[in-house]
Amino acid sequence: MLAGIGIAALGALMLVQGLKGPWYRVPLSIGEDGDLIYSKSMWEMPLKTVLCGVVFLSLGIWLRRWRDVLLRAKVFYSIGLAAFVVGLTFSHLTIVNEGELSHRAAWILSQHDNLTWLGGDIYTAREYEQVGGGLDLMAKDPQQILGSVPLPYFSVDLGSLHDLFDWMGLGSPFTTFKGKGWGFLMVGAIFTMVGALATRLPGARDRLASQVVSFGVRSTGIAMICFFGAVGARVAVAAKALENAREFGDDADYPAAVASMEWAKRVMPCLHFDTSMIVQQGLYEHQNRRETPAANYYRALVLETGNFKTQAESIYINLTESADEPVRREALRALFRLGIIDFNSGQEMAALRRTESLLTEFPALPKALYVRLLLAVRLGQKDEAFVSLKRLYTVAGGIDLSEKRSYLSSGHQHLIDLAYSAGDYHEAWKQSVNRVELEK
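Predicted model only: the values in this text are computed from it and were never measured.

Calculation criteria
Residues numbered from 1 in each chain as written. Predicted model: local features only at pLDDT ≥ 70, side-chain atom pairs only at ≥ 80, totals over all residues. Heavy atoms only, no water. Helix = DSSP H or I, 4+ residues; strand = E, 2+ residues; numbered from the N terminus. Buried < 20%, exposed > 50% of the residue type's maximum accessible area, 1.4 Å probe, protein only. Contact = heavy atoms within 4.5 Å. Areas by Shrake-Rupley, 256 points an atom, 1.4 Å probe, with all protein chains shown as cover. Lys, Arg positive; Asp, Glu negative; His and termini not counted. Charge placed at Lys NZ, Arg CZ, Asp CG, Glu CD. Salt bridge = Lys/Arg side-chain N within 4 Å of Asp/Glu carboxyl O. Phe/Tyr/Trp six-rings, centres within 6.5 Å; stacked < 30°, edge-to-face > 60°. Lys NZ or Arg CZ within 6 Å of the ring centre and 35° of its normal. Pairing = 2+ DSSP bridges. Patch = residues over 30% accessible without salt bridge, like charges linked within 9 Å, V, L, I, M, F, W, Y side chains within 5 Å. Expected span 1.5 Å × (residues − 1). Core = buried A, V, L, I, M, F, W, Y, C linked by side-chain atoms within 4.5 Å. Axes fitted to C-alpha atoms, helices over the stretch in contact; angles between N-to-C directions. Parallel < 35°, antiparallel > 145°, perpendicular 65-115°, else oblique. Left-handed = near helix turned anticlockwise from the far one by under 90°. Nonpolar A, V, L, I, M, F, W, Y, C, P; charged D, E, K, R; others polar.

**What to know about the overall build of the chain**
- When its secondary structure is counted, the chain shows 19 helices and 2 strands.
- With the C-alpha coordinates aligned to their principal axes, the bounding extent of the chain is approximately 80 × 65 × 40 Å.
- Put simply, the chain has 440 residues, and 52% of those count as buried.
- Of the contacts formed within the chain by residues at least 6 apart in sequence, a portion of 68% connects residues at least 24 apart.
- Surface summary for the chain: the accessible area is close to 20,800 Å², and the carbon and sulfur share equals 61%.
- One way to put it: in the chain the 44 positive side-chain charges average out to a point 11 Å from where the 45 negative ones average out.

**Focus on unusual backbone geometry**
- Of note in the backbone geometry, Ala-252 takes a positive phi value of approximately 65° without being a glycine.
- With respect to the helices and strands, the residue Ala-252 is situated in the loop between α9 (210-250) and α10 (254-267).
- You can call Ala-252 partly exposed: its relative accessible area is 46%.
- Even without being a glycine, Asn-307 presents a positive backbone phi close to 70°.
- If you trace the backbone, Asn-307 turns up in the loop between α12 (293-305) and α13 (309-319).
- Residue Asn-307 is classed as exposed on the basis of its relative accessible area, which comes to 54%.

**Digging into the pattern of salt bridges**
- Per the counting criterion, the structure on display carries 17 salt bridges.
- With its nearest N and O atoms 3.5 Å apart, the salt bridge here joins Arg-299 to Glu-291.
- Residues joined in a network through salt bridges with shared partners are Glu-100, Glu-325, Arg-328, Arg-329 and Glu-361.

**What about the side chain of Glu-304?**
- Mapped onto the fold, Glu-304 is located in helix α12.
- Classification of Glu-304 as buried rests on a relative accessible area of 11%.
- Beyond its immediate sequence surroundings of up to four residues, Glu-304 is in contact with Lys-309, Ala-312, Tyr-316, Ala-334, Arg-337 and Leu-338.

**What about the packing of aromatic side chains?**
- On inspection of all chains with the given rule, the structure shows 10 aromatic pairs.
- Look at Phe-90 and Phe-174: their rings are 6.1 Å apart centre to centre, the planes differ by 70°, and that puts the pair in the edge-to-face class. Here Phe-90 is found in helix α3 (residues 69-97), whereas its partner Phe-174 is found in helix α7 (residues 172-175), with 84 residues between them in sequence. Each member of the pair, Phe-90 as well as Phe-174, carries the same accessibility label: buried.
- Arranged with centres 5.0 Å apart and planes meeting at 80°, the rings of Phe-174 and Trp-182 form a pair that is edge-to-face.
- By relative accessible area, Phe-174 is classed as buried at 1%.
- Following the ring pairs from residue to residue traces out a cluster consisting of Trp-23, Tyr-24, Phe-90, Phe-174 and Trp-182.
- A cation over a ring is seen here: Arg-25 above Tyr-38, with NZ or CZ 4.0 Å from the ring centre.
- Cation over ring: Arg-378 sits above Phe-343, and NZ or CZ is 3.8 Å from the ring centre.

**Some points on the side chain of Arg-328**
- Its location among the elements puts Arg-328 in helix α14 (residues 325-344).
- Those residues in contact with Arg-328 that sit more than four places away from it in its chain are Leu-319, Thr-320, Ser-322, Glu-361 and Phe-362.

**Brief notes about the pairing of strand β2 (residues 36-40)**
- Bridge count between strand β1 (residues 25-30) and β2: 5 bridges; the pairing is antiparallel. Along β2, the bridge assignment pairs Ser-29 with Ile-37.
- Hairpin remark: β1 followed by β2, antiparallel, with 5 residues in the connecting loop; positive phi at Gly-34, about 90°.

**Some remarks on a negative patch on the surface**
- A contiguous patch of negative charge, built from Glu-247, Asp-250, Asp-251 and Asp-253, is present on the exposed surface.
- Mapped onto the fold, Asp-253 is located in the loop between α9 and α10.

**Some remarks on α12**
- The end-to-end C-alpha distance of α12, which contains 13 residues, comes to 18 Å, matching closely the 18 Å that a straight helix rising 1.5 Å per residue would cover.
- Along α12, the residues that are buried comprise Ala-294, Ala-295, Tyr-297, Tyr-298, Arg-299, Ala-300, Leu-301 and Glu-304.
- Positive phi appears at Asn-307, one or two residues downstream of α12, with a value of about 70°.

**Considerations on the nonpolar core**
- Ranked by size, the top nonpolar core spans 95 residues in total, and within it Tyr-24, Leu-88, Met-268, Leu-358, Tyr-370 and Tyr-407 carry the most contacts.
- Considering every element that reaches this core, the biggest residue donor is α3, with 13 residues.
- The contact partners of Leu-358, leaving out residues within four places of it in the chain, are Trp-107, Gln-111, Leu-332, Phe-336, Leu-365 and Ala-368.
- If you look at the next biggest cluster of nonpolar residues, it comprises 14 residues, including Ile-278, Tyr-298, Ala-312 and Leu-319.

**Looking at α10**
- In this model, α10 (14 residues) spans 20 Å end to end at C-alpha, consistent with the 20 Å of a helix rising 1.5 Å per residue.
- Of the surrounding elements, those touching the buried residues of α10 are α9 and α11 (275-287).

**Comments concerning a nonpolar patch on the surface**
- Among the surface-exposed residues, Ile-7, Ile-190 and Val-194 lie close enough to one another that they form a single nonpolar patch of about 210 Å² accessible area.
- Along the chain, Val-194 turns up in helix α8 (residues 180-197).
- Judged by relative accessible area, Val-194 falls into the partly exposed class, the value being 40%.

**Observations regarding the packing of helix α1 (residues 2-20) against α8**
- Between α1 and α8, the shortest axis-to-axis distance is 7 Å and the interhelical angle comes to 155°. For the element pair α1 / α8, the angle class is roughly antiparallel. The interaxial crossing formed by α1 with α8 has left-handed handedness. Taken together, the residues of α8 that come into contact with α1 (itself represented by Gly-4, Ile-7, Ala-8, Leu-10, Gly-11, Ala-12, Met-14, Leu-15, Gln-17 and Gly-18) are Gly-181, Phe-184, Leu-185, Val-187, Gly-188, Ala-189, Phe-191, Thr-192, Val-194 and Gly-195.
- For the contact of α1 with α8, a count of residues per class yields 12 nonpolar, 8 polar and no charged.

Right, dumping it as structure tokens:
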């Protein structure tokens, strides 16, 4: 019983800390003072308010009959369960309903992965890193298809469990940028529920109160069935809409296919920013001879694939002024892909123009900053190289993944090469020390 009281008290303290701390923060930009500016979820404050209301209401019910041990246990268990469900609801609504925010998170994460995976920029550049710095490096092509969750589909098997977690909002675009407050909330909720279960009624010294255990099992089961049912229903409706769109498209009924895709996007708003959705809708609208941003993006993509990059670039540049934000982002991503081709072919000024245009709009992208650093090394821009590495450090501070040390360490190596080539041996030694300290 004493252990249960201690666990419940610890859980309550963690719940308070969870309500105080941030739940989700995605790097947005870098301020004039050099600090990282974050973008937060619109669902955080409303759900915190709801949870506070549940806590105060529950405590008010308990205080009316504070001597009732059984009621006290049920109240504390209900508070923990409510906090747990609110945390799950927050992750789902943030990723699925806030498509613009979750797309930004997925974009940053994809650039991080493009740098750090075993076939990415950092690992494939090891053999060249000691010879000429960034002069001999080849940058990897960025990921072309990007989405914050997998496209919904019908499947009831173990293989779909991973995708179910993504649809719940618990995939890497959320877990990478979750705040400490959300972690305290979820752990504190579990501790509060476990502590409430360690309740013994007066006179029952050798066993737990079966009524509390039964209440916990029933209430948790009902809550989880409701949550999973709501998530599953959204996925099922969106999956059916996409299936209908595919059938309409096969029958050349393109207006109906686009209408079905729009319905799927209304059910799961994050699909607005999914690259494959934009391309597919652009194909349907192109076949229907419509002049829409998605159709123009599809035409540009076909030109890019056919190696007509000048014509594709012209369309992409026009789309960067589009009011359709998902298409505008895809156009900027496409221009950066062309910039990587320029970088690898030795056309540094063209690559610099495209990289800078992307960083002007989205300054918190790690691969874009890393490519800007490489361009500074190639062009001998010592001051700009230092600024780029500093900004890369700032953005990396908002990415909760240890692999970020690889491109930070590589950045120091490029500065070593740049300083050594300029005859600044003291600066080269200083950067060597910084790199060693980072890799400890």
